[in-house]
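Letter by letter, the chains look like this.
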Amino acid sequence: MKQFIKKLKQVTLATSKQRKKEMWDVEGILNNQKFKFDTRPIRKNAKIGNFATKADKMVFNLKDEYVIIDIPELIKYIQKNKIREFHLQTLIAKLDWNIILSK
């Protein structure tokens with residue numbers, strides 16, 4: 001995720017306490033707005049999230065790009081559709097606030 005962090009301005013890395021309790025990894029400015037990002041990697045074909053997160057955006061590190069999903073929008077989608085698992089391509093198609101950055 002070091003390459004992703006280089007795309008941000010005014011970067012602040014979360015402390016280990018913030019990572020654990022608030023569930024965000026890096027804060028910075030992207031597209032002239034300040035956000036907290038969850039950059040945890042995908043493990044066993046899944047990315048684990050939590051409704052108690054203080055992160056604004058979730059970052060997926062793919063081969064050629066970063067996909068950034070809005071967490072409040074994601075939570076509403078999950079609650080509305082009563083789902084626990086989903087595919088990233090489905091989220092990209094169904095959610096309005098997505099950013100795809102080339103590496």
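The following refers to the structure shown. Fair warning: this is a prediction, and the values are worked out from it, not measured in the lab.

### Digging into the packing of aromatic side chains
Turning to step 1, where the next piece is worked out: Scanning the entire structure with this criterion turns up four aromatic pairs.
Turning to step 2, where the next piece is worked out: Between Phe 35 and Phe 37 the ring centres are 6.0 Å apart and the planes differ by 75°, which places this aromatic pair in the edge-to-face class.
Turning to step 3, where the next piece is worked out: If you follow Lys 57 out to its NZ or CZ, it ends over the ring of Trp 97, 3.6 Å from the centre.
Turning to step 4, where the next piece is worked out: Lying across the ring of Tyr 66, Lys 103 places its NZ or CZ 5.0 Å from the centre.

### Remarks on the pattern of salt bridges
Turning to step 1, where the next piece is worked out: Applying the stated rule across the entire model yields three salt bridges.
Turning to step 2, where the next piece is worked out: Between Arg 19 and Asp 25 there is a salt bridge whose closest N-O contact spans 3.8 Å.
Turning to step 3, where the next piece is worked out: We note a salt bridge from Asp 38 to Arg 40, for which the minimum N-O separation is 2.6 Å.

### A closer look at the side chain of Asp 38
Turning to step 1, where the next piece is worked out: Along the chain, Asp 38 turns up in strand 3 (residues 33-38).
Turning to step 2, where the next piece is worked out: The exposure class of Asp 38 is buried, given its relative accessible area of 1%.
Turning to step 3, where the next piece is worked out: Of note is the side chain of Asp 38, whose polar atom sits 2.6 Å from the side chain of Arg 40.

### Notes on the nonpolar core
Turning to step 1, where the next piece is worked out: Counting residues in each nonpolar core, the largest one holds 15 residues, and the members touching the most others are Phe 60, Ile 69, Leu 74, Leu 91 and Leu 95.
Turning to step 2, where the next piece is worked out: Mapped by element, the contributors of at least two residues to this core are strand 4 (57-61), strand 5 (65-70), helix 3 (71-81) and helix 4 (88-94).
Turning to step 3, where the next piece is worked out: Element by element, the count of residues in this core is highest for helix 3, at five residues.
Turning to step 4, where the next piece is worked out: Excluding residues that lie within four positions of it along the chain, Leu 74 makes contacts with Met 58, Ile 69, Phe 86, Leu 91 and Leu 95.
Turning to step 5, where the next piece is worked out: One finds Leu 8, Phe 35, Phe 37 and Tyr 66 within the second-largest nonpolar core, a separate group that totals eleven residues.

### A look at the sheet that holds strand 1 (residues 9-13)
Turning to step 1, where the next piece is worked out: Pairing is mixed across the open sheet formed by six strands, whose spatial order is 1-2-3-4-5-6. In the strand order of this sheet, the two ends are held by strand 1 and strand 6 (98-102), each with one partner. Taking each pair of neighbouring strands and ignoring which way they run, the sheet shows an average axis angle of 30°.
Turning to step 2, where the next piece is worked out: Bridge analysis of strand 5 against strand 6 gives five bridges, and the strand direction is antiparallel. Residue Tyr 66 lies in a different strand from strand 6, and its bridge partner there is Leu 101.

What counts and how
- Along each chain, the written sequence defines residue order, and numbers are assigned to residues from 1.
- Per-residue local features of the predicted model are confined to residues with pLDDT of at least 70, and side-chain atom pairs are confined, for both listing and counting, to 80 or more; whole-chain, interface and lining totals are unaffected and use all residues.
- For the side-chain quantities, the full set of heavy atoms in the structure was used; hydrogens and water were omitted.
- A pair of Phe, Tyr and Trp rings is counted when the ring centres sit within 6.5 Å of each other, with Trp represented by its six-membered ring. The angle between the planes then sorts it: under 30 degrees is stacked, over 60 is edge-to-face, the rest tilted.
- Any Lys NZ or Arg CZ found within 6 Å of a ring centre and within 35 degrees of that ring's normal is scored as a charge over the ring.
- Any Lys or Arg side-chain nitrogen located within 4 Å of an Asp or Glu carboxyl oxygen qualifies as a salt bridge.
- Helix numbering and strand numbering both begin at the N terminus, where a helix is a DSSP run of H or I of at least 4 residues and a strand a DSSP run of E of at least 2.
- Only protein chains enter the area calculation, which uses a 1.4 Å probe; residues under 20% of their type maximum are buried, those over 50% are exposed, and those in between are partly exposed.
- For this analysis, a polar contact is any N or O atom pair within 3.5 Å, provided that within protein one partner can donate a hydrogen and the other can accept it, and provided that sequence-adjacent residues contribute only side-chain to side-chain pairs.
- To define a nonpolar core, start from buried Ala, Val, Leu, Ile, Met, Phe, Trp, Tyr and Cys residues and group those joined through side-chain atoms within 4.5 Å.
- Note on contacts: a residue pair is in contact if any heavy atoms of the two residues lie within 4.5 Å.
- Following DSSP output, two strands are said to pair if at least two bridges run between them.
- Fitted lines through C-alpha atoms give the axes, limited to the stretch in contact for helices. The angle between two N-to-C directions lies from 0 to 180 degrees.

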